[in-house]
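Below, each chain spelled out in residue letters.
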Amino acid sequence: MKRILSVKLFLVVLICGYFINPVSGDEIMNDSKLKEIKMNLSPGWDMKIEEGDLIFSSQKDVWVLQENNINAPISLETFEEKENRIKKFGKKMKPMLKYKLEKKWTQEEITAAEKKNDQIYEKIDALPDKYDIRHLFNKFASSKFSTELVGETPEENERIEKYNKEKEELEKQLITIPELFSENYSITFSDAVGWTYEYSTVAPEEISAEVWGIWHSVNDTCRIKSQ
């Protein structure tokens, strides 16, 4: 019994230990890969650590327009028309990228987190059978109009509600495992402002290119697999 408790405690320390070891700004320049990223930043960009986040920021102005670019029709706008529209209807902001920075995870910590996540996913996969609603998923998957799982009776809808609630609670327990690793740290993308993607268009375009450039620089320099 004591051995089982010790193993469980060890796993908790592995998974949670980094959250009590914040990274300070003084430590960042001791990391060769982060130094390389900083050296390759475009003029006007800064890199710093703030409350455990790795932040890239610039004082340049960028206008961000939230719009759906997925399967959007080909635009007949000129470059000037597009930029004027974005500046007219978009929000003026400062471009930035934010990453969660932690002490570098060991392979044992990654394995423990993956095992924990697998256990949670197994529970999630079993929920449709637990609430006897698996037969409703085929109907939901074949529907072109429904955006949510709907039962055929009030009793089925009650089971769906219980299913959704338990699924949400289980998903909250999933551990975010970092995919980027510098020399000393684990890095997880958190947020960005100022790039054009599926749901956002920005002006000027060169700011978007700079934001994407930093994103690619972090990925290319820190890889997307554990070292």
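About the cut-offs
Residues numbered from 1 in each chain as written. Predicted model: local features only at pLDDT ≥ 70, side-chain atom pairs only at ≥ 80, totals over all residues. Heavy atoms only, no water. Core = buried A, V, L, I, M, F, W, Y, C linked by side-chain atoms within 4.5 Å. Buried < 20%, exposed > 50% of the residue type's maximum accessible area, 1.4 Å probe, protein only. Helix = DSSP H or I, 4+ residues; strand = E, 2+ residues; numbered from the N terminus. Pairing = 2+ DSSP bridges. Axes fitted to C-alpha atoms, helices over the stretch in contact; angles between N-to-C directions. Salt bridge = Lys/Arg side-chain N within 4 Å of Asp/Glu carboxyl O. Phe/Tyr/Trp six-rings, centres within 6.5 Å; stacked < 30°, edge-to-face > 60°. Lys NZ or Arg CZ within 6 Å of the ring centre and 35° of its normal.

Among the nonpolar cores identified, the biggest contains 26 residues, and L54, F56, L97 and Y99 are the most heavily contacted of them. Of all the elements in the fold, those that place two or more residues in this core are α2 (32-39), β1 (45-50), β2 (53-58), β3 (62-66), β5 (96-103), β7 (185-193) and α7 (205-222). Formed by 10 residues, the second largest nonpolar core is a distinct cluster that contains L136, L149, I160 and Y163.

Let us now look at the sheet that holds strand β8 (residues 200-203). The strand order across the open sheet built from 3 strands is β4-β3-β8, with neighbouring strands paired in antiparallel fashion. In this open sheet, the two strands that pair with only one neighbour each are β4 (91-93) and β8. Each adjacent strand pair in this sheet contributes to an overall mean axis angle of 35 degrees, direction not counted. Pairing geometry for β3 and β4, over 3 bridges, is antiparallel. Bridging from a neighbouring strand, W63 pairs with K92 of β4.

As a further point, take the sheet that holds β1. Pairing is antiparallel across the open sheet formed by 5 strands, whose spatial order is β1-β2-β5-β7-β6. The outermost strands of the open sheet, each flanked by one partner alone, are β1 and β6 (180-181). Pairing geometry for β5 and β7, over 8 bridges, is antiparallel. Directly across from L101, in β7, lies its bridge partner I187.

Summed over all chains, the structure comprises 16 salt bridges. The residue R159 makes a salt bridge to E155 at a minimum N-O spacing of 2.1 Å. In this pair, R159 and E155 both sit in helix α6 (residues 154-172), 4 residues apart, roughly one turn of the helix. Each of the salt bridges in this network shares a partner with another, and the network as a whole consists of D61, K92 and K94.

We describe a pair of aromatic rings using the distance from one ring centre to the other and the angle between the two ring planes. Summed over all chains, the structure comprises 8 aromatic pairs. Taking the centre distance of 6.3 Å and the plane angle of 70 degrees together, the rings of W195 and W215 count as edge-to-face. Of this pair, W195 sits in the loop between β7 and β8 while W215 sits in helix α7, and the two are 20 residues apart along the sequence. On the basis of relative accessibility, which here comes to 9%, the residue W195 falls in the buried class. Plain terms: the ring middles of W212 and W215 are 5.5 Å apart, the flat faces sit at 85 degrees to each other, and that makes the pair edge-to-face. Here W212 pairs with W215, and both are found in helix α7, just 3 residues apart, close to one helical turn. Ring pairing ties together the aromatic residues F56, Y99, F189, W195, Y197, Y199, W212 and W215, which thus form one cluster. Above the plane of the ring of W63 lies K87, whose end atom (NZ or CZ) is 4.8 Å from the centre.

What is shown is where atoms sit, not what they do.
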